[in-house]
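Coordinate inspection notes
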Amino acid sequence: MKKLFLAAFAVFAFASVNAQDFGVFANFASNSFDGNDNASGFSFGVLADFEISESFSVQPEVAYTTSSVDDASYDLINVNAMARYHVSEEFSILAGPQIGFASGDIPDALDDAFGDDFSSMNLQLALGAAYNITENIFVQARYGFQLNEHVDGIGAVNTLNAGVGYRF
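The following paragraphs examine the structure supplied in this document. Since the structure is predicted, the reported quantities are computational estimates derived from the model, not experimental observations.

1. Focus: a negative patch on the surface
Taken together, the side chains of Glu51, Glu54, Glu89 and Glu90 make up a negatively charged region of the molecular surface. In this fold, glutamate 89 is placed in the loop between strand E4 (72–86) and strand E5 (91–103). Looking at glutamate 89, the relative accessible area reads 72%, which means it is exposed.

Next comes the structure, spelled out in structure tokens:
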């Protein structure tokens with residue numbers, strides 16, 4: 001898992017060299033396991049913003065997320081690629097894939113909590129919005145819809161992320 005994280009970070013760092021903007025963010029993360037159980041935690045990461053046109057850009061991200069459910073904690077490394085449609089200078093609509101990779105003792109933590117099999121990859125389609133408070137500070141919120149069966153027998157593991165960020 002460490003190799004995967006280092007590879008994703010290296011790709012992101014190389015891509016950031018040509019980005020118009022790059023930054024950091026921190027989010028509150030809430031996971032809903034098929035609407036029955038909820039896990040909550042935090043994520044923090046780095047992002048770049050590549051302008052494609054005046055009203056469209058692509059925002060790749062690498063984030064570390066930690067959550068807990070039923071007294072079991074687990075961690076994910078997330079690699080996201082958000083398409084950003086700029087409605088105005090301040091407001092953007094976000095859409096794109098979110099891919100989470102299990103790290104640490106995630107299978108054991110979820111098995112303890114749910115007693116079901118676990119897939120180490122979590123694939124989602126996220127929709128959301130971002131608002132630039134200043135030129136550097138922004139807030140964002142997005143909801144991720146599960147595309148694969150992350151936890152067998154549980155169904156969808158959808159996520160809500162909301163937080164703040166800083167662009168350099």
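2. Remarks on the pattern of salt bridges
Counting across every chain of the model gives 1 salt bridge. A salt bridge links glutamate 61 to arginine 142; the shortest N-O distance between them is 2.9 Å. Residue glutamate 61 is found in strand E3 (residues 56–69), and its partner arginine 142 is found in strand E7 (residues 137–146); the two are separated by 81 residues along the sequence. Note on glutamate 61: relative accessible area 1%, which makes it buried.

3. Examining the layout of surface pockets
In this approach the atoms are scanned with a rolling probe the size of a water molecule, which exposes any empty space left behind. In this structure, the largest pocket encloses a volume near 510 Å³. Taken together, 20 residues make up the lining of the largest pocket; nearest its centre are Asp21, Asp49, His86, Glu89 and Asn132. No other element matches the 3 residues that strand E2 (residues 37–53) contributes to the lining of the largest pocket. Here the lining of the largest pocket is composed, by residue class, of 2 nonpolar, 9 polar and 9 charged.

Basis of the calculations
Residues numbered from 1 in each chain as written. Predicted model: local features only at pLDDT ≥ 70, side-chain atom pairs only at ≥ 80, totals over all residues. Heavy atoms only, no water. Patch = residues over 30% accessible without salt bridge, like charges linked within 9 Å, V, L, I, M, F, W, Y side chains within 5 Å. Areas by Shrake-Rupley, 256 points an atom, 1.4 Å probe, with all protein chains shown as cover. Salt bridge = Lys/Arg side-chain N within 4 Å of Asp/Glu carboxyl O. Lys, Arg positive; Asp, Glu negative; His and termini not counted. Charge placed at Lys NZ, Arg CZ, Asp CG, Glu CD. Helix = DSSP H or I, 4+ residues; strand = E, 2+ residues; numbered from the N terminus. Buried < 20%, exposed > 50% of the residue type's maximum accessible area, 1.4 Å probe, protein only. 1 Å grid on protein atoms, 1.4 Å probe; cavity = no way out; pocket = protein on both sides within 12 Å on 5 of 7 lines; lining within 4 Å. Points joined across faces, edges and corners; volume = space filled by probe spheres on them. Nonpolar A, V, L, I, M, F, W, Y, C, P; charged D, E, K, R; others polar.

Everything listed is a geometric property; what it means functionally is a separate question.
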